[in-house]
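# Architecture and fold: a report
Below are the chains, spelled out letter by letter.
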There are 2 protein chains.
Amino acid sequence: MKNQSDIGLEARLTAPLERMLASFAPVGIEGTALIRSSFTSAPQQQPSGAAIPMDPERNQARLVASGWIARGAMLNDGRRQIVGLSLPGDVIVASGSVDADLQVWALTEIVTVDATAFWTMLSEPGALASPLKEAWRRCRTAERLRMARQVIRLGRLNAYERTAHLLLELHERQVRLGSARNGALHLPLTQDVLADILGLSAVHMNRTLQQLRRNVLVDYRTGRTVLQDLPGLVQAANLSAVCGPLIPAPF
Amino acid sequence: MKNQSDIGLEARLTAPLERMLASFAPVGIEGTALIRSSFTSAPQQQPSGAAIPMDPERNQARLVASGWIARGAMLNDGRRQIVGLSLPGDVIVASGSVDADLQVWALTEIVTVDATAFWTMLSEPGALASPLKEAWRRCRTAERLRMARQVIRLGRLNAYERTAHLLLELHERQVRLGSARNGALHLPLTQDVLADILGLSAVHMNRTLQQLRRNVLVDYRTGRTVLQDLPGLVQAANLSAVCGPLIPAPF
DNA sequence: CGAGTCTTTGATGCATATCAAGCTTAGTGG
DNA sequence: CCACTAAGCTTGATATGCATCAAAGACTCG
C-alpha cells in the first residue's frame with residue numbers, strides 16, 4: 001500500500017476527481033493537496049459485471065478512479081432499472097437506510113479507492129479548505145440535478161428525446177473530466193444497458209439510436225460515440241428552459 | 001416576529017419536523033431544543049397554486065410547516081413532470097446550480113419558515129448534537145432513496161404498480177409524521193397532479209385509480225384516501241426486495 | 001472454427017396517450 | 001334559491017409508441 005503522493009508518472013487515482021471539482025470551482029493548490037492526502041488506502045480493482053457490495057452500516061464511501069458503475073435495482077421478474085451512473089471522479093455512498101437498497105454494478109473493469117476520509121473531511125471541519133468545500137457543494141448539487149433530470153426523462157420524454165437528453169448529459173460530464181471534446185465521448189455501454197437507464201426495451205433502444213444516426217445527430221458505437229450535432233441534439237432533447245444548460249460552457 | 005419558544009397552545013411550526021426526525025432516530029430533549037431555537041424568523045404563508053421562487057444564490061432553505069409542495073419542471077409544450085413532493089417537516093433547498101432549475105409550486109395553501117440557520121447548524125458544527133445529526137442524516141438518506149424509487153417507478157413499473165407504489169410511499173411518510181393511521185391518509189392531490197407525478201395522462205390516472213378501487217385496495221377521494229389493503233398494495237406495487245420496506249415498522 | 005454476446009430486423013400486440021364529450025360538485029352572484 | 005360558471009371527474013372511441021416475440025446477422029474471443 002503506497003501513499004498517493006508517491007505516485008509519479010503513472011496516472012494519479014484522484015486525477016478525475018480533481019478535474020471534476022476544478023470544473024465547478026477553483027480549488028487551489030492546498031485544496032488539491034487536501035484531496036490527495038485523504039486517499040491513502042490501497043485501490044481495489046474489480047472486473048466488469050461485478051456486483052459491488054456497499055456496506056450500509058459503516059456509511060461507506062468509495063471514489064471511482066476508473067471505469068463505469070451503475071446504481072440501480074432489479075425487480076423480481078427480471079426487469080432492471082438503472083437509477084444513475086457513476087463515472088471516474090464520482091464518489092458513491094451506501095444509501096444505507098434499511099433493507100434492500102440500491103445495488104451497485106461495475107459496467108466495465110473498475111478501480112475504486114476508499115473515500116471515507118475524504119467524505120468526513122468535507123463534512124466535518126467547518127471553515128478550513130473553503131474553496132474545496134464550495135466545489136464539492138456544487139458537485140453534489142449537480143448530482144441531485146442529474147437525478148431530477150432522470151425523473152423528467154423517464155416521466156415525460158419519449159424514447160428519442162430521452163436518448164438525446166442522456167447523451168448530452170454524459171457528454172457534459174465528460175467534458176468536465178476532460179475526456180470528451182467536440183462531441184466525441186467515451187461510451188462503454190451496450191444498448192442493453194442504455195435501455196435499462198432509459199426505461200426502454202433493448203429493441204426499441206436500438207431503433208432509437210438508428211433514428212438518431214439517420215438524422216445525423218449521433219454516431220453511436222459501443223466504446224466510442226460522436227455527437228455530431230450538439231445544437232440539433234439539444235433541440236431533439238426538448239431542452240427549453242428545463243434543467244439548465246447541457247451544452248458545456250468554457251470553464 | 002415572535003420566537004418559536006413563545007408559542008404555547010397553537011401548533012408549533014416545527015412539530016412535523018420534530019416528529020419526522022424522531023421517527024428516524026431518537027433526538028433527545030436538547031436535540032428538540034436545538035431544532036426549535038434554529039427557527040426564529042416569521043413564517044410565510046402562500047396560497048395554493050403559487051410558484052415559490054427559490055433563490056439559488058443564497059443557498060436558500062425553507063422548512064415546510066404545513067401544506068404540500070411539488071418540485072418539478074415544465075416543458076415548453078406544456079408537459080409537466082413533478083420530481084418530488086415536499087410535505088410538512090420537509091426542508092426544501094434551492095438546487096442552485098445554474099440556470100433554469102427545478103420549479104417549486106404550492107399544491108395547497110402553505111406555511112413555510114426560513115431554514116437557513118437550521119441547515120447550517122446541521123452541516124457545520126461537527127461533534128455537537130450528535131443524535132440530532134444522526135436523525136437528520138437518515139432523513140436525508142431516505143430522501144435520496146425516494147428519488148431513486150421515483151426513477152424506478154417511472155422507468156420500469158406500469159401505471160397500476162406505480163400508483164400502488166406511490167401511495168404506499170406517501171402513507172409511510174405520513175405515518176412518520178403521525179398524520180396517517182391504519183391506511184387512512186391525507187391526500188390533497190387532484191388526479192391531474194397525481195398524473196404529473198407518475199408520468200401518466202390524467203385520463204389514465206383516473207382509470208388506474210378506478211382499477212385499484214375495484215380491487216378493494218384503495219378508496220381514493222381528493223383530500224382523504226384510505227389504503228384498504230396494505231399487503232395487497234405491496235404486492236400490486238411489485239415491491240419484492242426492491243428499495244426497502246414501505247410498510248412502516250413500529251418506531 | 002465454434003460459442004457467446006451484442007446488434008439488427010420484422011411481425012404482432014398491448015399499454016397508454018389523445019380527443020371529445022358528458023357529468024358532478026362547489027362556489028358565486030343575481 | 002336558482003342559474004351560471006369553472007374545476008375536476010368519468011366515460012367511450014381511436015391512435016400510437018413502445019414492448020414482446022422470434023430469428024437472423026455481426027463481432028469477439030478462446
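## As for the sheet that holds strand β6 (residues 103-106) of chain A
Residues and elements named next belong to chain A. Read from one edge of the open sheet, 3 strands run β4-β3-β6, paired in antiparallel fashion. This sheet does not close on itself; its edge strands, each paired only once, are β4 (80-86) and β6. Each strand of the sheet is rotated relative to its neighbour by a mean of 35°, with strand direction disregarded. The sheet contact formed by strand β3 (residues 69-74) and β6 spans 4 bridges and is antiparallel. Bridged to R71 within β6 is V104.

## Overview of the protein's contact with DNA strand C
Near DNA strand C, the surroundings consist of 18 residues, among which Q191, N206, R207, Q210 and T222 of chain A are the closest. Of all DNA strand C atoms lying within 4 Å of any protein atom, the proportion belonging to sugar or phosphate reaches 61%. A distance of 3.0 Å separates a phosphate oxygen of DNA strand C from a polar backbone atom of A159 of chain B. For the surface near DNA strand C, the elements supplying multiple residues, two or more each, are α6 (191-198) and α7 (202-214) of chain A together with α7 (202-214) of chain B. No other element matches α7 of chain A, which puts 5 residues into the surface near DNA strand C.

## Here's the deal with the sheet that holds strand β5 (residues 91-93) of chain B
All names here are of chain B. Pairing is antiparallel across the open sheet formed by 4 strands, whose spatial order is β1-β7-β2-β5. Each having just a single partner strand, β1 (44-46) and β5 make up the two edges of the open sheet. The average undirected angle you get between the axes of adjacent strands in this sheet is 35°.

## Here we look at the domain arrangement of chain A
Residue and element names in this part refer to chain A. As far as domains go, chain A holds domain 1 (4-142) and domain 2 (158-241). The interface of domain 1 with domain 2 comprises 16 residues on the first partner and 13 residues on the second. With both sides pooled, the region where domain 1 packs onto domain 2 buries about 1,400 Å², and carbon together with sulfur makes up 60% of that total. Of all residues in domain 1, the largest losses of buried area upon contact with domain 2 belong to W68, R80 and L85, amounting jointly to 38% of the total for that side. If you look at where domain 1 meets domain 2, you find 2 salt bridges. The tally of links from domain 1 across to domain 2 stands at 8 residue pairs in polar contact (both at pLDDT 80 or more). Of all elements in the fold, only α1 (15-24) and β4 reach the threshold of two or more residues within the side of domain 1 that touches domain 2. For the side of domain 1 that touches domain 2, a count of residues per class yields 9 nonpolar, 4 polar and 3 charged.

Each value, and the rule that gives it
Residues numbered from 1 in each chain as written. Chains lettered and ligands numbered in written order. Predicted model: local features only at pLDDT ≥ 70, side-chain atom pairs only at ≥ 80, totals over all residues. Heavy atoms only, no water. Pairing = 2+ DSSP bridges. Helix = DSSP H or I, 4+ residues; strand = E, 2+ residues; numbered from the N terminus. Axes fitted to C-alpha atoms, helices over the stretch in contact; angles between N-to-C directions. Near = heavy atom within 4 Å. Polar contact = N/O pair within 3.5 Å; in protein donor to acceptor, adjacent residues only side chain to side chain. Domains from an automatic or database assignment. Contact = heavy atoms within 4.5 Å. Buried area = accessible area lost by both parts, 1.4 Å probe. Salt bridge = Lys/Arg side-chain N within 4 Å of Asp/Glu carboxyl O. Nonpolar A, V, L, I, M, F, W, Y, C, P; charged D, E, K, R; others polar.

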